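Fold and contact review
Residues per chain, in single letters:
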Amino acid sequence: MVKIILLALISLTFLNASSFEENCLSCHGNDFKFNMMMKKYTQKYSSEKRIKEAIFDYLKEPTSEKSVLPYEYINRFGTKEKTTLDDKTLREMIDVYYDRFNLRSKIY
Amino acid sequence: MYKSEKQTIFYVLGLYLSSTLLLIATLFATYYFYKQDELMHAEREILKEYSSALEEKLLFVHENSDERYEYPRFENFKSAIYDIDKKLIFSTLDTKIDNLDKDFFFKGSNSYYISSLKPHYLGAAYSVVEKKRKPIDILNDLIITALIIITITIITSFFLVKLVLKPLRDNLRLLDNFIKETTHELNTPITTILANIETLDSKSCDEKSMRKLQRIKTASTTISNLYQDLVYLLLNHQISSQNEELNISEILNQRVHYFSQAANVKKLNLHVDIKEGVCFNADRQKIERLIDNILSNAIKYTNKSTTIKVVLTQHTFSVSDEGKGMSQDEIRTIFQRYRRFDKTQGGFGIGYSIIKSIIDEYCIKINIESELDKGTKVTLTW
């Protein structure tokens with residue numbers, strides 16, 4: 001029974017990871033930009049809960065006020081489009097994003 | 001130095017010293033707390049600088065690292081950072097900090113400073129810096145200074161009290177000298193009067209002259225008794241006790257007989273109940289002074305035509321009169337020298353002072369029961 005649960009969890013993680021590649025990395029490309037974004041979010045929102053909430057909020061309804069990017073950048077490229085993902089998937093993707101790129105786990 | 005004088009010196013010294021000590025303690029405590037406050041302020045400033053240094057380093061690490069972030073470490077202090085929800089991000093501290101609301105505090109031997117950070121580099125919303133607390137080492141110096149000041153104060157106050165009491169001492173010495181000289185002058189006439197009365201032939205006098213003679217004898221006895229008291233008091237510190245086994249019953253009988261004349265003048269009824277063969281090891285002269293003073297007091301202060309009871313048992317001697325009695329306050333102060341409650345009677349107020357010195361020497365307990373307008377009972381127990 002334990003084995004089954006463990007296998008299910010691992011496969012779910014891989015499933016989520018592959019969804020992340022598909023839903024996020026397919027457009028955003030490399031890790032560098034994601035790193036930068038996480039730094040910006042961490043610098044502004046500090047805690048895990050607030051960072052995740054801020055990302056979710058922005059992706060659902062992107063505005064220049066909510067964006068963590070510099071005003072000049074937004075002015076030039078504009079804000080991104082609204083997400084097409086449902087809330088549940090979006091939150092899962094944000095969780096994967098945070099787990100991979102958060103600063104806290106990289107401090108030594 | 002008299003006992004009362006010593007007592008006054010102690011009281012004044014106590015009062016003077018306690019007020020001075022209170023003043024010194026207040027001054028020193030104020031100074032100590034002021035220094036402590038100054039030190040705390042200095043500590044806070046140092047920690048504030050450390051906190052700024054940490055913030056600068058956090059900014060540097062946040063901006064210049066990508067994959068891994070090396071937490072800034074310092075030689076002279078330790079630190080920790082917390083996120084905006086007060087969850088620990090990273091710490092090099094030895095202890096855990098629970099409360100991030102106070103900005104500066106001491107815990108154990110360390111001092112801590114907490115500051116809010118914005119922007120939140122590495123996610124840090126609060127930084128905590130910790131350093132070893134600098135001890136306040138002025139306490140020992142303060143104690144030594146206080147001890148020196150207290151010593152000087154004690155010495156000064158002692159001389160001050162002596163100076164203030166000097167006029168009082170001079171007056172007492174004058175009184176003592178006066179009594180001493182008067183006593184010497186009294187000796188010869190009293191002895192002459194008493195010796196001559198004793199040798200008078202009672203048969204050659206008529207009844208009226210005889211009564212007059214008896215009165216002269218009583219008065220002379222009183223003066224003689226007073227003389228004996230004064231001599232005892234003046235020489236008290238110079239003579240050593242010649243202790244011997246005394247037959248108290250015999251001495252008491254003699255002394256009662258000696259005072260019977262004085263009792264007759266006041267028409268007193270002397271009720272004497274003396275157990276035979278009661279012995280006590282003491283100086284004869286002192287025991288006579290003791291008995292004489294108790295008896296003469298009873299005769300002097302009792303009312304006319306009343307009864308005086310003199311009772312001697314194996315271990316007690318009591319004399320009770322039916323005089324005006326004393327209050328509890330008067331009994332408490334009775335043993336003070338020159339203390340007299342009834343100014344209508346003659347005397348110097350030295351009787352009970354003598355009684356006290358003798359009973360103290362022979363460890364005899366005294367009990368004075370007295371009721372105003374009813375009488376007094378003095379009991380000695382050994």
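Residues numbered from 1 in each chain as written. Chains lettered and ligands numbered in written order. Predicted model: local features only at pLDDT ≥ 70, side-chain atom pairs only at ≥ 80, totals over all residues. Heavy atoms only, no water.

**Considerations on the overall build of chain A**
For clarity, the cut-off: Secondary structure elements are taken from DSSP: a helix is a run of H or I of four residues or more, a strand is a run of E of two residues or more, and numbering for both begins at the N terminus. Only protein chains enter the accessibility calculation, which uses a 1.4 Å probe. A residue is then buried if its area is under 20% of the maximum for its type, exposed if over 50%, and partly exposed in between. Pairs of residues are marked as contacts when any of their non-hydrogen atoms sit within 4.5 Å. Throughout, the Shrake-Rupley method with a 1.4 Å probe supplies accessible areas, and for residues the shown protein chains are the sole cover considered.
A tally of helices and strands in chain A yields five helices and zero strands. The order of helices and strands in chain A, counted from the N terminus, is α-α-α-α-α. Across the 108 residues that make up chain A, the buried fraction comes to 34%. Pairs at least 24 residues apart make up 57% of the contacts formed inside chain A by residues separated by at least 6 positions. Of the roughly 7,200 Å² of accessible surface on chain A, 59% is carried by carbon and sulfur atoms.

**Points about the environment of Ile216(B)**
All names here are of chain B. With respect to the secondary-structure elements, Ile-216 resides in helix H3 (residues 207-235). Of the residues examined, Ile-216 reaches a relative accessible area of 43% and is grouped as partly exposed. Between the C-alpha atom of Ile-216 and that of Asp-85, which follows or precedes it by 131 residues, the distance is 111 Å. In this structure, Ile-216 is in contact with Ile-193 and Ile-197, ignoring residues within four places of it in sequence.

**Quick word on the nonpolar core**
To keep it simple, the criterion reads: Among the buried residues, those of types Ala, Val, Leu, Ile, Met, Phe, Trp, Tyr and Cys that are joined through side-chain atoms within 4.5 Å form a nonpolar core.
Counting 43 residues, the largest nonpolar core has Leu252(B), Ile287(B), Leu290(B), Ile294(B), Val310(B), Phe317(B) and Val319(B) as the members making the most contacts within it. Secondary-structure elements contributing two or more residues to this core are H3, helix H4 (248-265), strand E8 (279-283), helix H5 (284-301), strand E9 (307-312), strand E10 (316-320), helix H7 (351-361) and strand E12 (375-381) of chain B. If near-sequence neighbours (up to four positions away) are discounted, Ile294(B) is found in contact with Phe317(B), Val319(B), Ile355(B), Val378(B) and Leu380(B). Grouped together as the second largest cluster of nonpolar side chains are 41 residues, Ile94(A), Ile107(A), Phe77(B) and Tyr113(B) included.

**Re the domain arrangement of chain B**
Applied cut-off: As annotated, the domain borders come from an automatic or database domain assignment.
Once the domains are mapped, chain B shows domain 1 (3-132) and domain 2 (200-381). Taking only C-alpha atoms, the centre of domain 1 of chain B and the centre of domain 2 of chain B are 79 Å apart.

**Some details on the sheet that holds strand E7 (residues 269-274) of chain B**
Residue and element names in this part refer to chain B. Where we set the bar: Here the rule is simple: two strands pair whenever DSSP picks up at least two bridges between them. Axis lines are fitted through C-alpha atoms, for helices just across the contact stretch, and the angle between N-to-C directions can take any value from 0 to 180 degrees.
Pairing within the open sheet is mixed, and its five strands lie in the order E7-E9-E10-E12-E11. On the outer flanks of this sheet lie E7 and strand E11 (365-371), each paired with one strand and no other. Neighbour to neighbour, the strand axes of the sheet diverge by 10 degrees on average, direction disregarded. Where E7 and E9 come together, six bridges link them in parallel fashion. The partner of His-271 across the bridge, within E9, is Lys-309. H5 rests against E9, E10 and E12 of the sheet, and its axis sits at about 25 degrees to E10. Its contacts with the sheet place H7 against E11 and E12, and it is angled at close to 145 degrees to E11.

**Section: empty space enclosed by the protein**
Short version of the rule: Any residue with an atom within 4 Å of a point lines the site, the site being either a cavity, points on a 1 Å grid over the protein atoms alone where a 1.4 Å probe fits but cannot get out, or a pocket, an open set with protein on both sides within 12 Å along at least 5 of 7 lines. Grid points are joined across faces, edges and corners, and a volume is the space filled by probe spheres set on the points. Any residue outside Ala, Val, Leu, Ile, Met, Phe, Trp, Tyr, Cys, Pro, Asp, Glu, Lys and Arg is labelled polar, Gly included; the first ten of those are nonpolar and the last four are charged.
Counting across every chain of the model gives two cavities of 30 Å³ or more. When its volume is computed, the largest cavity comes out at roughly 100 Å³. Considering each element in turn, the lining of the largest cavity owes the most residues, three residues, to H5(B). The class makeup of the residues in the lining of the largest cavity is eleven nonpolar, no polar and no charged. Empty space within the second largest cavity amounts to approximately 60 Å³. Lining the second largest cavity, in full, are Thr42(A), Ser46(A), Ile51(A), Tyr98(A), Asn102(A), Leu103(A), Arg104(A), Ile89(B), Leu122(B) and Gly123(B).

**Topic: the interface of chain B and chain A**
Stated formally: When two parts are put together, the accessible area they lose, computed with a 1.4 Å probe and summed over both, is reported as buried area. For this analysis, a salt bridge means a side-chain nitrogen from Lys or Arg found within 4 Å of a carboxyl oxygen belonging to Asp or Glu. Under the rule applied, a polar contact is a pair of N or O atoms within 3.5 Å (in protein, one hydrogen donor and one hydrogen acceptor; residues adjacent in sequence only if both atoms are side-chain atoms).
On the chain A side, the residues contacting the 23 residues of chain B number 16 residues. Across the chain B/chain A interface, buried area totals approximately 1,900 Å², and carbon plus sulfur atoms make up 52% of it. In terms of surface lost to chain A, no three residues of chain B exceed His62(B), Arg68(B) and Tyr69(B), which account for 29% of the buried area on that side. For the pair chain B and chain A, the interface holds three salt bridges. Among the ionic pairs, Arg104(A) bridges to Asp83(B), the shortest N-O distance being 2.5 Å. At the surface where chain B touches chain A, the tally comes to 15 residue pairs in polar contact (both at pLDDT 80 or more). Of all the secondary-structure elements, those providing two or more residues to the side of chain B that touches chain A are helix H1 (3-64) and strand E2 (88-91) of chain B. The element that contributes the greatest number of residues to the side of chain B that touches chain A is E2(B), accounting for three residues. Its residues assigned to classes, the side of chain B that touches chain A comprises ten nonpolar, four polar and nine charged.

**Let's talk about the environment of Lys106(A)**
Locating Lys106(A) in the fold gives a position in the segment after helix H5 (87-101). With relative accessibility at 12%, the residue Lys106(A) sits in the buried group. In the structure, Lys106(A) is positioned eleven residues away from Asp95(A) in sequence and 16 Å away in space, judged by C-alpha atoms. Among residues more than four places away in sequence, those in contact with Lys106(A) are Asn35(A), Arg100(A), Phe101(A), Glu67(B), Arg68(B) and Tyr69(B).

**Overview of the pattern of salt bridges**
Residue and element names in this part refer to chain B. Counted under the stated rule, the structure contains 23 salt bridges over all chains. Notably, a salt bridge pairs Arg-173 with Asp-170, separated by 3.5 Å at the nearest N-O pair. You can see Arg-173 and its partner Asp-170 sitting in helix H2 (residues 139-199), three residues apart, about one turn around the helix. Linking Arg-255 and Asp-292 is a salt bridge whose minimum nitrogen-to-oxygen distance equals 2.7 Å. Placement of the pair is Arg-255 in helix H4 and Asp-292 in helix H5, with a sequence separation of 37 residues. Asp-292 carries the same exposure label as Arg-255, and that label is buried.

**A short note on a nonpolar patch on the surface**
Inclusion rule: Exposure above 30% relative accessible area and no salt bridge define the residues that can form patches, which grow by joining like charges within 9 Å and nonpolar side chains of Val, Leu, Ile, Met, Phe, Trp and Tyr within 5 Å.
Taken together, the side chains of Tyr16(B), Leu160(B) and Val164(B) make up a nonpolar region of the molecular surface, amounting to roughly 270 Å² of accessible area. For Tyr16(B), a relative accessible area of 33% gives the class partly exposed.

**Brief notes about the packing of aromatic side chains**
Definition in use: Ring pairs are drawn from Phe, Tyr and Trp, using the six-membered ring of Trp, whenever the two centres fall within 6.5 Å, and their geometry is named by plane angle: stacked under 30 degrees, edge-to-face over 60, tilted for the rest. Charge over a ring is defined by NZ of Lys or CZ of Arg lying within 6 Å of the ring centre and within 35 degrees of the ring normal.
Across all of its chains, the model carries 16 aromatic pairs over all chains by this definition. Ring centres of Tyr97(A) and Phe101(A) lie 5.4 Å apart, and the angle between their planes is 40 degrees; this geometry places the pair in the tilted category. One end of the pair is Tyr97(A) and the other is Phe101(A), both in helix H5 and four residues apart, which spans about a single turn. Summarising the burial analysis for this pair, Tyr97(A) and Phe101(A) share the class buried. Seen in terms of ring centroids, Tyr32(B) and Phe33(B) are 5.8 Å apart; in terms of plane orientation they differ by 70 degrees. Their pairing is edge-to-face. In this structure Phe33(B) comes out as exposed when scored by relative accessible area, which is 52%. One aromatic cluster is present, built from ring pairs that chain together Phe20(A), Phe34(A), Tyr97(A) and Phe101(A). Lying over the aromatic face of Phe56(A), Arg91(A) brings its terminal NZ or CZ to 3.8 Å of the ring centre.

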